[in-house]
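# Residue-level structure breakdown
The chain contents come next:
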Amino acid sequence: MTSFNVAELKDGQRFGAPLILDKHFIVLDNNIGFSKALQSRLVEWGFKALYSESESVQEPQKTIVSPQPEQSASPAAATQKFETVDIDIETLNEEYKDKSATLNAHLKEVLDDINRKIRNFPNKDRMENVTTVYNEFLNYTQLVFTRYVTHQEMKFEELSETITLLIEFIKNNKNYLLRIQPTAEHKLDKNFLTSHCLRSTIIAIVIALQINMPPKKIVELGVAGLIHEIGQIKLPPQLYLTDKPLSPQARNLLATHTVLGFNIVKELGFSLAIQVGLLEHHERENGQGYPRHLEGTKISAFGKILSVACSYEAITSPRLYKEARSLYEATIEMLLNRNKLYDEVVIKALISAVSLFPIGTYVYLANGKIGQVAESNPNDPRLPIVELVGEKNELGNPKTIITDNEKSKIVRVLNKEELKGVQAYIK
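Described below are features of the structure shown in this document.

What counts as what
Residues numbered from 1 in each chain as written. Predicted model: local features only at pLDDT ≥ 70, side-chain atom pairs only at ≥ 80, totals over all residues. Heavy atoms only, no water. Helix = DSSP H or I, 4+ residues; strand = E, 2+ residues; numbered from the N terminus. Expected span 1.5 Å × (residues − 1). Buried < 20%, exposed > 50% of the residue type's maximum accessible area, 1.4 Å probe, protein only. Phe/Tyr/Trp six-rings, centres within 6.5 Å; stacked < 30°, edge-to-face > 60°. Lys NZ or Arg CZ within 6 Å of the ring centre and 35° of its normal. Axes fitted to C-alpha atoms, helices over the stretch in contact; angles between N-to-C directions. Parallel < 35°, antiparallel > 145°, perpendicular 65-115°, else oblique. Left-handed = near helix turned anticlockwise from the far one by under 90°. Contact = heavy atoms within 4.5 Å. Disulfide = S-S within 2.5 Å. Salt bridge = Lys/Arg side-chain N within 4 Å of Asp/Glu carboxyl O. Pairing = 2+ DSSP bridges.

Turning our eyes to something else, we now look at helix α6 (residues 192-210). Helix length check: α6 (19 residues) gives 27 Å between terminal C-alpha atoms against 27 Å at 1.5 Å per residue, within 8%. Of all 19 residues that make up α6, 17 are buried, and the element is covered over most of its length. Positive phi appears at N212, one or two residues downstream of α6, with a value of about 60°.

All right, on to the packing of aromatic side chains then. The tally for this structure, following the rule as stated, stands at four aromatic pairs. Residues F4 and F15 carry aromatic rings whose centres are separated by 5.2 Å and whose planes lie at 70° to one another, so their mutual orientation is edge-to-face. Taken together, the residues span a long stretch of sequence, with F4 in strand β1 (residues 2-5) and F15 in strand β2 (residues 14-15) at a distance of eleven residues. Given a relative accessible area of 12%, F4 falls into the buried group. When the ring centre of Y176 is taken as origin, the NZ or CZ atom of R179, which lies over that ring, is 5.2 Å away. In this structure, R412 packs its charged tip against the face of Y364, placed 5.3 Å from the ring centre.

Quick look at the packing of helix α11 (residues 301-315) against helix α13 (residues 344-354) now. Close contact between α11 and α13 brings their axes to 10 Å; oriented N to C, the two are set at 50°. Looking at the two axes, α11 sits oblique to α13. Both α11 and α13 take part in a crossing whose hand is right-handed. On the side of α11, the interface is formed by K304, I305, V308 and Y312, while α13 contributes V346, I347, L350 and V354.

Time to look at the state of the cysteines. Applying the stated criterion across every chain yields a total of zero disulfides. In this model C197 remains outside any disulfide bridge; the closest cysteine sulfur is found in C310, 7.4 Å from its own. By relative accessible area, which is 0% here, C197 ends up buried.

Structurally, S311 can be placed in helix α11. Contacts of S311, omitting those with residues within four sequence positions, involve R284, M334 and Y342.

On to the environment of Y290, then. Secondary-structure assignment places Y290 in the loop between α10 (272-280) and α11. Classification of Y290 by relative accessible area gives partly exposed; the value is 26%. Residues Y290 and E280 lie ten residues apart in sequence; the distance between their C-alpha atoms is 7.3 Å. Leaving out residues up to four positions away in the same chain, Y290 has contacts with A255, H257, T258, L279, H282 and E283.

Pairing between side chains of opposite charge can happen when their charged atoms approach one another. Throughout the structure, instances matching the rule amount to 13 salt bridges. A salt bridge links K304 to E285; the shortest N-O distance between them is 2.7 Å. Linking K304 in helix α11 with E285 in the loop between α10 and α11, this pair joins segments that are 19 residues apart in sequence. K304 sits in the buried class, given a relative accessible area of 14%. One salt bridge in this structure joins E344 and K340, with 3.6 Å as the shortest N-O distance. Residue class for K340 comes out exposed when judged on its relative accessible area of 52%. If you follow the salt bridges from partner to partner, you end up with R147, E153 and E158 in one network.

Sheet topology note: the strand β9 (residues 385-392)/strand β10 (residues 398-402) ladder contains four bridges and is antiparallel. Residue pairing for β10: K392 is matched across the bridge by P398. Following β9, the chain reverses through five residues before pairing antiparallel with β10; G396 in that reversal takes a positive phi of roughly 90°.

As a further point, take unusual backbone geometry. Of note, the amide linkage connecting Y290 to P291 takes the cis form, showing an omega dihedral of 10°. On the secondary structure map, P291 appears in the loop between α10 and α11. Positive phi, normally seen in glycine, also occurs at K340, with a value near 55°. Mapped onto the fold, K340 is located in the loop between α12 (327-336) and α13. Residues other than glycine seldom take positive phi values, yet S355 does so here, at roughly 80°. Relative to the assigned elements, S355 resides in the loop between α13 and β7 (362-365).

Now for the sheet that holds β7. Taken in spatial order, the five strands of this open sheet run β10-β9-β8-β7-β11, and their pairing is antiparallel. Strands at the two margins of the open sheet, each flanked by one partner only, are β10 and β11 (410-413). Here the average twist between neighbouring strands, direction ignored, is 45°. Of the strands in this sheet, β7, β8 (370-375), β9 and β11 touch helix α14 (residues 416-426), which is tilted by about 55° from β9.

Listed below in structure tokens is the structure:
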């Protein structure tokens, strides 16, 4: 194995074998010329050396201009290229610093105000207000990532205060929060990482509440969830903002985000539980996860919960490379637990909290009526509480019933075309 000093590498150099990061992850294919941009990024990240199985180095010709992956004439490289997506870093200016100092106070003010209002609002208005508060949390999450990009700063005390507010908000509004789903336009959003983090955090907290995790631990879990993808901002954005299949080398590089995130929170002095949560959120029970290929009891509680929460969220969200699948499909996939990827206790807690037919799902009943799952049934996750579409109670709110195994039995989940019709009718 040959070592190369990052600071001494030259623009346009090509190597006889792939350049490897930390003696494990491939960072540059041998078909691609080294570039000054890559050098600057590696120096910024603190990497001083790269490694290769070959000592061969082809010096750049004077006529060559640092080829990028998509410019390579090599057929092999052409099949592995991915489109570049720009991140608008220029807009991340000093105004964020001012906002960050007052955001927690602003969030608490908004939460106190809306929590007072929603107690007496009809369900439709309550859903609108819950969505408003959810968007406030989403803005906050984006700010956390932005502030780290611009100032390399994250404060546990601020994050824990916000997570404490989020936990209380989830306790009071879980059945509404879980109905909020990303739209098709979401997959084009450059800030999808922060949306994924917030939604995964909500799911993780729901699981933690279901298993009666101690309150202080839930706060730590929530902090870990909110920033669990922070390591990805140290990687080229085209790795995670692309509709093209990634090459094995690119996938290996993307996988380093767990270690990068671990290093970030370790340097900032976050607790060991949070550090390990970021490191292990892609570990799997069967040992096929990464970065350490841990099995079963060797994975931390935070790692187990975030693994389930992240996977459940990812299945139900649209991405540039895939369409979103329904909450019901995600629940069934997690329940089947093929190849024993996830902890059974965590999966059981998830299903108990969201029900077998997840909150927000539209279902067709045996009596011919259509309902939207509004609440899980603590006595039987197979028989959730549903709101009947088009029917009101004496107060003018949607009529709710507990499903059963007779006339009010759930026959099936509505398909996409039926769902479009119901949503158009509701509007």
